[in-house]
Amino acid sequence: MAVKDLIIPKNYENKLDVISTEVAIKYVKDLFEKRLAHHLNLMRISAPLYVRKSSGLNDDLNGTERPVSFDIKEISSEDMQIVHSLAKWKRMALKRYNIGVGKGIYTDMNAIRRDEILDNLHSAYVDQWDWEKIIDKNQRTLEYLKITVQHILKALKETERELDIVFENLEPFVYEEVFYITTQELEDKYPDKSPKEREYLITKEHKTVCLMQIGDKLRSGKPHDGRAPDYDDWHLNADILLYYPILDCVVEISSMGIRVDAKSLKEQLKKAGCEDRIKLPFHQMLLQQELPLTIGGGIGQSRICLILLNKAHIGEVQVSQWSDEMRKACDENHIHLL
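Since this is a predicted model, take the numbers as computed values, not measurements.

(A) A look at the overall build of the protein. Counting secondary structure elements, the protein contains nine helices and 11 strands. In terms of overall dimensions, the protein has a C-alpha envelope of 55 × 50 × 40 Å along the principal axes. Every one of the 338 residues in the protein was classed for burial, and the buried ones make up 53%. Across the protein, contacts joining residues at least 24 apart in sequence account for 73% of those joining residues at least 6 apart. Here the protein has roughly 15800 Å² of accessible surface; of this, 50% comes from carbon and sulfur atoms. Distance from the positive charge centre (48 side chains) to the negative charge centre (55 side chains) of the protein: 4 Å.

Right, here's the structure in full:
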């Protein structure tokens, strides 16, 4: 990223020093994951850092990102891939652990996304809470999706309230009231704007937005954004967006959705030109209805910490790698990268 694109907030005040920041990060993560587990009925499990390339379990994100691959000396038959997310792996885990309907799992997911454009909100190192929950057929609706979004925002707001008691100089930015809109409705509202411009305008107006139905083509002939065809159902997914005044920008804190069933998997693979994936083990299990129906997503740990701790750069709440030019610009503007 060019430093000219770095957002430097005017008169930025770093409200917590490095030690206080580290203490607050631990406080936020401990509290939020407990509240999330409570509201969504989740239990914590362990998760992989990498998977076999042939498994088909890695998340393809927008379909253009290159996973980091490596070999293991004792397993010479194929390469491993650092996960992009655990969207598919979690569904397999729910089956393997024999979790019941209405219950789910969450885990700490760490990943490397080497093709990220590094800026205030994006790092090559990804840390998020990945969660997945078993639902029944009648819950594969937008209404159930909205209820789940409300539970996530409730957990986040409760965390913010507790944090603000301990660290009294922090300003609250989380609005629990959610504005729901589909990508088609958003395009109809701002037909002459780009997808990112639309997100900015609607989120600045409503503060907390749930943007639904991402991945399929809109009436303009283009999708609002890319989405892998084999985990979220494009008609039943969403991003949770928050307006963040310190940077005057949109922060996507979660990408989530009701997952594909056999019917929507086949439809979306065909639309995406990825029908060759049908032969992969995960996809075969799904087509043979051997996997449970689920809802799930990822929630950015560092992005939540950035907002709740009133920071200007994600590097203030996680350790990653940045260009010397960016570090220098941040140092000059009281942005203390860890």
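That was the structure; now back to the text.
(B) How the structure looks around the pattern of salt bridges. Throughout the structure, instances matching the rule amount to 25 salt bridges. Residue Lys90 is joined to Asp130 by a salt bridge in which the shortest nitrogen-to-oxygen separation is 3.0 Å. Residue Lys90 is found in helix α2 (residues 87-96), and its partner Asp130 is found in strand β6 (residues 125-134); the two are separated by 40 residues along the sequence. Side by side, Lys90 and Asp130 carry an identical accessibility label, which is buried. Of the charged contacts in the structure, one is a salt bridge between Arg259 and Glu132, with a shortest N-O distance of 2.9 Å. Note that Arg259 is positioned in strand β10 (residues 249-259) and Glu132 in strand β6, a separation of 127 residues in sequence. This pair shows no difference in class: Arg259 is buried, exactly as Glu132 is. Here the residues in one salt-bridge network are Lys90, Asp130, Glu132, Arg227, Asp232, Asp239 and Arg259, joined through shared partners.

Rules used in this analysis
Residues numbered from 1 in each chain as written. Predicted model: local features only at pLDDT ≥ 70, side-chain atom pairs only at ≥ 80, totals over all residues. Heavy atoms only, no water. Helix = DSSP H or I, 4+ residues; strand = E, 2+ residues; numbered from the N terminus. Buried < 20%, exposed > 50% of the residue type's maximum accessible area, 1.4 Å probe, protein only. Contact = heavy atoms within 4.5 Å. Areas by Shrake-Rupley, 256 points an atom, 1.4 Å probe, with all protein chains shown as cover. Lys, Arg positive; Asp, Glu negative; His and termini not counted. Charge placed at Lys NZ, Arg CZ, Asp CG, Glu CD. Salt bridge = Lys/Arg side-chain N within 4 Å of Asp/Glu carboxyl O.

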